[in-house]
Amino acid sequence: MVYVTRRAHFSASHRLYNPNFSDEQNEAIFDKCNNPNGHGHNYVVEVTVKGIPDRQTGYVIDLKELARLLDREVIDKVDHKHLNLDVDFLQGIIPTAENLAIAFWGLLQPHISSGELHSIKVYESENNFVEYLGEPVSLIRHGLLNNKGVAV
Ligand code: NI
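Reading guide: rules and limits
- Residues numbered from 1 in each chain as written.
- Predicted model: local features only at pLDDT ≥ 70, side-chain atom pairs only at ≥ 80, totals over all residues.
- Helix = DSSP H or I, 4+ residues; strand = E, 2+ residues; numbered from the N terminus.
- Buried ≥ 20, exposed ≤ 12 C-beta atoms within 10 Å, placed from the backbone.
- Pairing = 2+ DSSP bridges.

Engineer: So what exactly am I meant to see when it comes to the overall build of the protein chain here?
Structural biologist: Along its length, the protein chain carries three helices and five strands. Moving toward the C terminus, one meets the helices and strands of the protein chain in the order β-α-β-α-β-α-β-β. On the principal axes, the C-alpha backbone points of the protein chain span a range of 60 × 30 × 25 Å. Counting the 152 residues in the protein chain, one finds 26% classified as buried.

Structural data, given as structure tokens:
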């Protein structure tokens, strides 16, 4: 197997908040990421596809195609957005890097035309990242936030 990776960047704001917790619990658990009006991160996403290089092209997957797919299915939907408020597929989901990785898998996996999706990494900062390998986990949807970042 050969593992082929495409990296992309996006900038977005979010608020980590669980409407089932008190304000004090949200503050204690999510700290700076619980800021009521949100705050921004410069994210990096790395998508890895594994496979055997094609005998004629030598490619596992055409990286131009993987780049277009990542832009179309993920980056265009989240770049310069508020993840809690502006992104349909994240409605009600606490937008941690973990949950972003799971959600991005669901968007990309059906479109991988060659090779097999192996992993999605989401970097929320230089030193913190998560990696998802596609094992079954469910995304939990909580209540929605209104445009002031308050639970409705
Ligand atoms: Ni944050």
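Engineer: Which parts of the structure should I look at to understand the pairing of strand β4 (residues 116–123)?
Structural biologist: Taken together, the seven bridges between strand β2 (residues 39–51) and β4 define a ladder with antiparallel strand orientation. Pairing of Val44 across the sheet is with Tyr123, part of β4. In this antiparallel pair of consecutive strands, β4 and strand β5 (residues 129–132), the connection spans five residues.

Engineer: Explain the environment of Asp54 to me, please; I cannot follow it from the model alone.
Structural biologist: Considering the arrangement of structural elements, one finds Asp54 in the loop between β2 and α2 (63–78). Judged by local crowding, Asp54 falls into the partly exposed class, with 13 C-beta atoms found within 10 Å. When the C-alpha positions of Asp54 and Gly115 are compared, they lie 9.4 Å apart, and in sequence the two are 61 residues distant.

Engineer: Even after reading the chapter, I still don't get the pairing of β5, so can you show me in this structure?
Structural biologist: For a regular strand, side chains alternate in direction, first toward one face of the sheet and then toward the other. When β4 meets β5, the two strands line up antiparallel, connected through four bridges. Across the sheet, residue Tyr123 finds its bridge partner in β5, namely Phe129.

Engineer: Just to check I follow, could you spell out unusual backbone geometry for this structure?
Structural biologist: Trans peptide bonds make up most of the peptide bonds, and negative phi angles are found at most residues other than glycine. In this model, Asp31 sits at a positive phi of 55°, which is unusual for a non-glycine residue. One can find Asp31 in the loop between α1 (23–30) and β2. Overall, the presence of 10 C-beta atoms within 10 Å leaves Asp31 in the exposed class.

Geometry only, nothing functional implied.
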